[in-house]
Amino acid sequence: MTSTTFLLGQLFNGLSYCSILLLIALGLAITFGLMGVINMAHGELMMLGSYAAYVLQNYFAKQLAAQYFGWYFVLALPLAFVVSGLAGLLLERSLIRRLYGRPLETLLATWGVSLILQQLMRQIFGANNVDVRSPGWLMGRWHVAAGLELPHLRLFIIAFTSTCLFLMYALLFRTALGLRIRAVTQNRDMSACLGVPTRKVDAYTFALGSGLAGFAGCILSLMGSVGPNSGQNYIVDAFMVVVLGGVGKLAGAIAGSFVIGQTNVLFESFSTATMGKVMVFTLVILFLQWKPSGVFPSKVRSLD
Amino acid sequence: MPATDLLTIDRLNVYYAESHILRDVSLTVPEHKVACLMGRNGAGKTTLLKSVMGLLPARSGQVQFAGENITTRCPDERARRGMGYVPQGREIFPTLTVQENLVLGLLAAKQPKNGIPDEIFHLFPILKTMLKRRGGDLSGGQQQQLALARAMLSHPRLLLLDEPTEGIQPSIIDEIEDVITRIKEQKAVSILLVEQYLEFAWRLADFYYIMEKGSIVAHGTTEELSEEVAHRHLAI
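If you look at the interface, chain A gives 16 residues, while chain B gives 21 residues. Taken together, both faces of the contact between chain A and chain B bury some 1600 Å²; the carbon and sulfur share is 67%. Where Glu100(B) meets Arg182(A), a salt bridge forms, and the shortest distance between an N and an O atom there is 2.8 Å. Between chain A and chain B we count 5 residue pairs in polar contact (both at pLDDT 80 or more) in total. Going through the elements one at a time, helix H6 (176-186) and helix H7 (188-193) of chain A are the ones with two or more residues in the side of chain A that touches chain B. Residues of the side of chain A that touches chain B, tallied by class, amount to 9 nonpolar, 4 polar and 3 charged.

Right, let's get into helix H9 (residues 230-245) of chain A. Residue and element names in this part refer to chain A. Between the first and last C-alpha of H9 there are 24 Å, a value that for 16 residues agrees with the 22 Å anticipated at 1.5 Å per step. Most of H9 sits inside the fold, with 12 of its 16 residues counted as buried. For H9, the set of buried residues is Ser 230, Gly 231, Tyr 234, Ile 235, Asp 237, Ala 238, Phe 239, Met 240, Val 241, Val 242, Leu 244 and Gly 245. Looking at the packing, one finds that the buried side of H9 touches helix H1 (3-34), helix H2 (42-63), helix H8 (198-220), helix H10 (250-270) and helix H11 (273-290). Of the residues trailing H9, Gly 246 is marked for its positive phi of about 115 degrees.

All names here are of chain B. The sheet built from 4 strands is open, its strands ordered E2-E1-E4-E5 with antiparallel pairing. Two strands lie at the open edges of the sheet, namely strand E2 (19-30) and strand E5 (68-69), each paired on one side alone. Pairing of strand E4 (residues 60-65) with E5 involves 2 bridges; the strand directions are antiparallel. Directly across from Gln 64, in E5, lies its bridge partner Asn 69.

What counts, and at which threshold
- Residues numbered from 1 in each chain as written.
- Chains lettered and ligands numbered in written order.
- Predicted model: local features only at pLDDT ≥ 70, side-chain atom pairs only at ≥ 80, totals over all residues.
- Heavy atoms only, no water.
- Contact = heavy atoms within 4.5 Å.
- Buried area = accessible area lost by both parts, 1.4 Å probe.
- Salt bridge = Lys/Arg side-chain N within 4 Å of Asp/Glu carboxyl O.
- Polar contact = N/O pair within 3.5 Å; in protein donor to acceptor, adjacent residues only side chain to side chain.
- Helix = DSSP H or I, 4+ residues; strand = E, 2+ residues; numbered from the N terminus.
- Nonpolar A, V, L, I, M, F, W, Y, C, P; charged D, E, K, R; others polar.
- Expected span 1.5 Å × (residues − 1).
- Buried < 20%, exposed > 50% of the residue type's maximum accessible area, 1.4 Å probe, protein only.
- Pairing = 2+ DSSP bridges.

Written out as structure tokens, the structure is:
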């Protein structure tokens, strides 16, 4: 293996890890970053997306002929978006709308919700982890050169995350709903005085962020087994990305995931996975001591 | 024959927490007329405008708009019924562009498809040159014009203006006065104006209300407003 292919492989691994992190954090960048809701149940909303994929996979395996099995994942993505989005909508309508501007109460309440969701999944699917099988078209590898093989799954994740990001930008900056979302996050009262139905916009925005969590959960179900505790594994990463990048800006989440992803892969290449993670955490903490509001500081909605 | 009343406030009481701010305030703004609300700092003028807009809840009393009791309506419902608000401090969205700020006004009027109409740039030519700038980068006077333009784009039946001349250089005050005069002459909009700048208010308003410690202490047509009354309630 030449050093060039090694370097390219490293870059690709880093990029692929970045896009996973970004996908995890994208929904949180909306609900926490734009809306200021410290949503501890974000990981569980992802878990719902994973279980949605699991349920659909089982349905396809049981009810349909084998040649259609590969298609289940194409349907699992929108299903996961809808399931998590509706769960988020319900959460916003019933609980979070009463807690805007009170981050500590939101934190406690959503933590409670996360416990409820975990137990609910335990009741329905059992405490053991379940597996979601990759469809055939995501299992191959692309041989670029000797020593450089790019798994289809990882290429797919990079493409999917990019698409999500592009659509998010288009929605926020090119549509009337996006303009309303940005207006409400900047100045709720003035938006209302201009006829923006702020409560509806809140609900849609939160549902959108939750739906993105569903996407992330659906994709992550292909990378490891799914269990009631799955959500817990991702929540720290998600918050770390958003906080490092700077709360309130989509560009912050991109920068955050890029920095964390690349350094993590770099550190892992000359130490162990655990040590790599420890070093990344330490660096993030040190960086935040130096710049507490992250890479892209913004003064969108105060969080104090 | 008296014109019909667009806005009627009847014995309104408003509190901030437990402190009683507005005490039995009654006030009317007839269709297509300008009413000016005057008073010293802290008299409750801004609080009254916020209550009309729905940003502060009424403890008792009634707000009627175009014959409908809107006392418990949210601000966004009031805006969609035809209220335009230019608050103190202007409240431009700082990170949105001038154009986006204007489009938000347009969205309230439910006809965003037509784009920003050119008339608004006849009233505020300066804005046309700044469409791509961020709202927060404009000067105070420009922001005031933007806030006024944004409110006008929502095609309001009633404009609530909170001290449009405050902290603004004299040349722009003249422009703003011209604009309000033109709005008035078109006879499509009623205005409730809060103003400390007496001559400005005098020239524009048909009716005056003077507030003191949360109550209306004098009111009438501007022609009847005597030096004596103005001096007693407004001199510092």
